[in-house]
Amino acid sequence: MIDIALWSGVASGLKTAVDIGKTIKEINDLTVIRSKVIEMQDIILGAQSSAMAVQTQLFELIQENSELKAKVAAVDDWKATAARYQLKDYGEGTYAYELKEDAANGEPPHKLCPVCFENDKRSLLQFQGKTVSKQHMYKCHSCGGDFYLGTRSETSWPSRANRRV
Ligand SMILES: [Zn+2]
């Protein structure tokens, strides 16, 4: 934040220096002129120092503004990305984000990792196969999470009588 007092100090200092400059024209005593010039130099140096401090604060503000703009843009980008997906219940409390058909933009259907999604990150789930209980196994290569989607069907082990010996 810019220190307003510092900035008004610069302006008033320069005004005082100009006023002294105007009075010098009317002074004939060289000793008085010298002391007035020295006084002016001190005021101008003080104003210059304050102006540099204000300039530093201004650069910090410009940098901070640029960083905030980048953060806002990133949030806006993520909101646009997130709006293309919806949370889908695959049964028995198994969830993932799925690409909405009307927002596919030519991309094939796919699912996103629910953990990465909550951290504002788009990470595709990769199909790994089916479990014995017929759930679909997916892996997120970003967070390393394993996801089992779908309802579990009862596994039927062959009865002893049906087993071949
Ligand atoms: Zn993930």
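Computed from a predicted model, the values in this text were never measured in an experiment.

What counts, and where the lines are drawn
Residues numbered from 1 in each chain as written. Predicted model: local features only at pLDDT ≥ 70, side-chain atom pairs only at ≥ 80, totals over all residues. Heavy atoms only, no water. Pairing = 2+ DSSP bridges. Helix = DSSP H or I, 4+ residues; strand = E, 2+ residues; numbered from the N terminus. Expected span 1.5 Å × (residues − 1). Buried < 20%, exposed > 50% of the residue type's maximum accessible area, 1.4 Å probe, protein only. Contact = heavy atoms within 4.5 Å. Polar contact = N/O pair within 3.5 Å; in protein donor to acceptor, adjacent residues only side chain to side chain. Donors = N, O, S within 2.8 Å, 3.2 Å for Na, K, Ca; no water. Tetrahedral: all angles 85-135°; square planar, octahedral: opposite > 155°, others 65-115°. Axes fitted to C-alpha atoms, helices over the stretch in contact; angles between N-to-C directions. Parallel < 35°, antiparallel > 145°, perpendicular 65-115°, else oblique. Left-handed = near helix turned anticlockwise from the far one by under 90°. Nonpolar A, V, L, I, M, F, W, Y, C, P; charged D, E, K, R; others polar.

Chemist: Just give me the short version of the sheet that holds strand β2 (residues 95–99), but keep the residues and values in it.
Modeler: Strand order in the open sheet formed by three strands is β1-β2-β3, with antiparallel pairing between adjacent strands. The open sheet has two edge strands with one neighbour each: β1 (85–89) and β3 (111–112). In this sheet, β3 lies alongside β2 in antiparallel orientation, the contact comprising two bridges. Bridge assignment links Y97 to a residue of β3, and that residue is L112.

Chemist: Outline helix α2 (residues 30–82), listing residues and values.
Modeler: Spanning 53 residues, α2 covers 77 Å between terminal C-alpha atoms, matching the ideal 78 Å at 1.5 Å per step. Considered for burial, the residues of α2 that qualify are I33, M40, A47, S50, V54, Q57, W78 and A82. In this structure, the buried residues of α2 make contact with α1 (4–24), β1 and α3 (114–118). The backbone nitrogen of T31 lies 3.0 Å from a side-chain oxygen of the residue at the head of α2, namely D29.

Chemist: Report on the coordination of the zinc ion, specifying residues and quantitative values.
Modeler: Around the zinc ion, the donor atoms from the protein are C113 (SG), C116 (SG), C140 (SG) and C143 (SG), and they sit 2.3 Å away. With four donor atoms in place around the zinc ion and angles of 105 to 115° between them, the coordination shape is tetrahedral. All donors of the zinc ion come from a single chain, and their spacing in sequence reads C-x2-C-x23-C-x2-C. Note that C116 is positioned in helix α3 and C143 in the loop between β5 (136–140) and β6 (146–149), a separation of 27 residues in sequence. Overall, C116 belongs to the buried group, its relative accessible area being 4%. When its relative accessible area of 39% is taken as the criterion, C143 is described as partly exposed.

Chemist: I'd like to hear about the packing of α1 against α2, residue by residue, with values.
Modeler: Remark: α1 packs on α2, axes separated minimally by 8 Å, with the N-to-C direction vectors making an angle of 160°. When the axis of α1 is compared with that of α2, the two are roughly antiparallel. Read as a crossing pair, α1 and α2 show a hand that is left-handed. Among the residues forming the contact of α1 with α2, the class breakdown is 16 nonpolar, five polar and two charged.

Chemist: Tell me what's going on with the pairing of β2, and back it up with residues and numbers.
Modeler: With four of five residues buried, β2 lies mostly within the body of the structure. In this antiparallel pair of consecutive strands, β1 and β2, the connection spans five residues, and G91 shows a positive phi of 110°.

Chemist: Residue-level account of unusual backbone geometry, with values.
Modeler: For E92, which is not glycine, the phi dihedral falls at a positive 55°. Locating E92 in the fold gives a position in the loop between β1 and β2. Positive phi, close to 55°, is recorded for D120, a residue that is not glycine. Looking at the element boundaries, D120 is found in the loop between α3 and β4 (125–130).

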